[in-house]
Amino acid sequence: MLEVKHLTVRSKEGRPLVRDVSFTLTPGEPLGLTGASGSGKTTIIKAVMGILPYGCAIEAGEILLDGLSLEKLPARERRKYCGTVLGFIPQSPMTAFDPHMRIGAQMVQTFRLRLNLPKDKALTLAREQLLAVNLEDVERILNSFPSQLSGGMLQRLMIAAALMCQPSLLVADEATTAIDACNRIGLMRELKSF
């Protein structure tokens, strides 16, 4: 269970970005944050994941994962929970991947690190995950650099990687924004079944 209690985040200039936000996210139950553009939804998610931009900081409140205070953990310790316990699908697919590494290498590295798999099994899993999110040109995609793929394809790759690690909770920041209508329905179905 993820609990956000009275979260307040300030920018490096001291301006409040989020004030006194509280909610609880329970495994198996969807929760949506709504609000106008610029209202702080992404800031809340970044605070939960421990990836606030440089200079921004949590001024008050708590972020508890199964009773453990995440915001008090050192970054190295907190990373242990990312991907396997607390999954994340970022809003911007173009900045989520290393532009200098092929997609296959990134997926294999992620699966090896998070799932403790040997390279061949991680590669097999990557292939399976591409098919699961309706990306059928598997070998071309695995051998491509992020700049060679569309935003919608990268978005589906992020979803595939996040779901494969089977986290207890999945935090998604506008997960289907870059995806066309035909694929959006299938992906929403996939996310709901998660």
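Each chain carries its own residue numbering, running from 1 in the direction its sequence is written. Predicted model: local features are reported for residues with pLDDT of at least 70 only, side-chain atom pairs are reported and counted for 80 or more only, and whole-chain, interface and lining totals are derived from all residues. Values reported for side chains reflect all heavy atoms of the structure, with hydrogen atoms and water molecules removed beforehand.

With that settled, the discussion passes to the environment of Lys-5. Looking at where Lys-5 falls in the secondary structure, it is placed in strand S1 (residues 2-10). Through-space distance from the C-alpha of Lys-5 to that of Ala-60 is 8.9 Å; in sequence the pair is 55 residues apart. Only heavy atoms matter for contacts: two residues are in contact if any of them lie within 4.5 Å across the pair. Not counting chain neighbours up to four residues away, the residues in contact with Lys-5 comprise Val-21, Ser-22, Gly-61, Glu-62 and Leu-64. Helical segments are the DSSP runs of H or I of at least four residues, strand segments are the runs of E of at least two, and each set is numbered from the N terminus.

Think of an α-helix as 3.6 residues a turn; residues three or four steps apart then line up on the same face. To estimate the expected span of a helix, count its residues, drop one, and scale the result by 1.5 Å. Compared with the 20 Å implied by 1.5 Å per residue over 14 residues, the 20 Å span of helix H4 (residues 119-132) between its first and last C-alpha is a close match. Buried within H4 we find Ala-122, Leu-125, Ala-126, Gln-129 and Leu-130. In an axial view of H4, the angular spread of the buried residues amounts to 140°, which keeps them on one side of the axis. For H4, the exposed residues lying more than 90 degrees away from the buried face are Asp-120, Lys-121 and Leu-131. Immediately downstream of H4, the backbone of Asn-134 shows phi near 65°, a positive value. Residue burial is assigned from relative accessible area. The probe radius is 1.4 Å, only protein chains are included, and a residue is buried under 20% of its type maximum, exposed over 50%, and partly exposed in between. What the arc describes is the spread of directions from the helix axis to the C-beta atoms.

A few words on the pattern of salt bridges. Salt-bridge detection follows one rule: a side-chain nitrogen of Lys or Arg within 4 Å of a carboxyl oxygen of Asp or Glu. Counting across every chain of the model gives five salt bridges. For Glu-59, the salt bridge identified is with Arg-10, shortest N-O distance 2.3 Å. Of this pair, Glu-59 sits in strand S3 (residues 57-65) while Arg-10 is found in strand S1, placing the two residues 49 residues apart along the sequence.

The next thing to look at is the nonpolar core. Joining through side-chain atoms within 4.5 Å is the link that ties buried Ala, Val, Leu, Ile, Met, Phe, Trp, Tyr and Cys residues into a set, and such a set is a nonpolar core. Within the largest apolar cluster, 28 residues are counted, with the highest numbers of intra-cluster contacts made by Ile-103, Met-107, Phe-111, Leu-130, Ile-141 and Leu-157. Of all elements in the fold, only helix H3 (103-115), H4, helix H5 (138-142) and helix H6 (151-164) reach the threshold of two or more residues within this core. At 10 residues, the largest contribution of residues to this core is made by H6. Formed by 20 residues, the second largest nonpolar core is a distinct cluster that contains Val-18, Leu-25, Ala-47 and Val-171.

Moving on, we get to the sheet that holds S1. In this analysis, strands are considered paired if DSSP registers two or more bridges between them. The strand order S2-S1-S3-S4 describes an open sheet built from four strands, whose pairing is antiparallel. The open sheet has two free edges, formed respectively by strand S2 (16-25) and strand S4 (68-69), since each of these has just one partner strand. This element, helix H1 (residues 41-49), spans S1, S2 and S3 of the sheet and lies at about 115° to S1. A fitted line through C-alpha atoms serves as each axis, taken over the contacting stretch for helices, and the angle formed by two N-to-C directions is quoted from 0 to 180°.

With that out of the way, let us pick up unusual backbone geometry. Despite not being glycine, Asp-66 has its phi angle at roughly 50°, a positive value. Looking at where Asp-66 falls in the secondary structure, it is placed in the loop between S3 and S4. On the accessibility criterion, Asp-66 (59% relative accessible area) is exposed.

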